[in-house]
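Coordinates in review
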Amino acid sequence: MYTNTDTIFSMTQANQNFSMVARTVDKEGRVIISKNNRPKYLVLDMDDNDFVLDLTEDEKIDIVAKRILSKYIGAFRELAK
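Now for a look at the structure at hand. From a predicted model like this one, the values you see are computed outputs, not experimental measurements. (Residues numbered from 1 in each chain as written. Predicted model: local features only at pLDDT ≥ 70, side-chain atom pairs only at ≥ 80, totals over all residues. Heavy atoms only, no water.)

Moving on, we get to the pairing of strand β3 (residues 38-44). As paired strands, strand β2 (residues 30-35) and β3 are joined by 6 bridges and run antiparallel to one another. Of the residues in β3, the one forming a bridge with I33 is Y41. Here β2 hands over to β3 after 2 residues, with N36 in that stretch at a positive phi of 55 degrees. (Pairing = 2+ DSSP bridges. Helix = DSSP H or I, 4+ residues; strand = E, 2+ residues; numbered from the N terminus.)

Shown next, in the form of C-alpha cells:
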C-alpha cells in the first residue's frame, strides 16, 4: 500500500498543530500519527471513508451516545435519583 509521507505526523506535531492535521485529513482523506517513531493512530474523514465505516448518521450517533453513557454512567445514575 502506498502511503504519502505528507500524511504522516508525529504525536508532537499533531499535539502542537492539530488544525494542520485536520486540514490534511480534509485534503487527503486520512492521516497517520506516529508515536515513538511507529505508526499508532489513523485519523479518517468519516464522511468520505466508506471502507472503514459504512454507517448511517443514526448509527454514528448511537456509537457516540454509547461511549458517553458508559463514560459518565455514574453521573447519569445520580441525576436519575
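Read on for the rest.
This paragraph deals with helix α2 (residues 18-28). Residues of α2 that are buried: V21, T24 and V25. In a view along the axis of α2, the buried residues occupy a sector of 105 degrees, so they form one face of it. Facing away from the buried side of α2 by more than 90 degrees, the exposed set consists of R23, D26 and K27. Lining the buried residues of α2 we find β1 (8-10), α1 (11-16), β2 and β3. Positive phi shows up at G29, right after α2, with a value of about 95 degrees. (Buried < 20%, exposed > 50% of the residue type's maximum accessible area, 1.4 Å probe, protein only. Arc of directions from axis to C-beta. Contact = heavy atoms within 4.5 Å.)

Take the sheet that holds β1 next. Pairing within the open sheet is mixed, and its 3 strands lie in the order β1-β2-β3. The outermost strands of the open sheet, each flanked by one partner alone, are β1 and β3. Direction aside, the axes of adjacent strands within the sheet are offset by 30 degrees on average. Relative to the sheet, α2 contacts β1, β2 and β3, its axis offset from that of β2 by approximately 140 degrees. (Axes fitted to C-alpha atoms, helices over the stretch in contact; angles between N-to-C directions.)

One pass over the structure, following the stated rule, counts 1 salt bridge. Among the salt bridges present, the one from K81 reaches E78, with a minimum N-O distance of 3.4 Å. As far as burial versus exposure is concerned, K81 and E78 are alike and both exposed. (Salt bridge = Lys/Arg side-chain N within 4 Å of Asp/Glu carboxyl O.)

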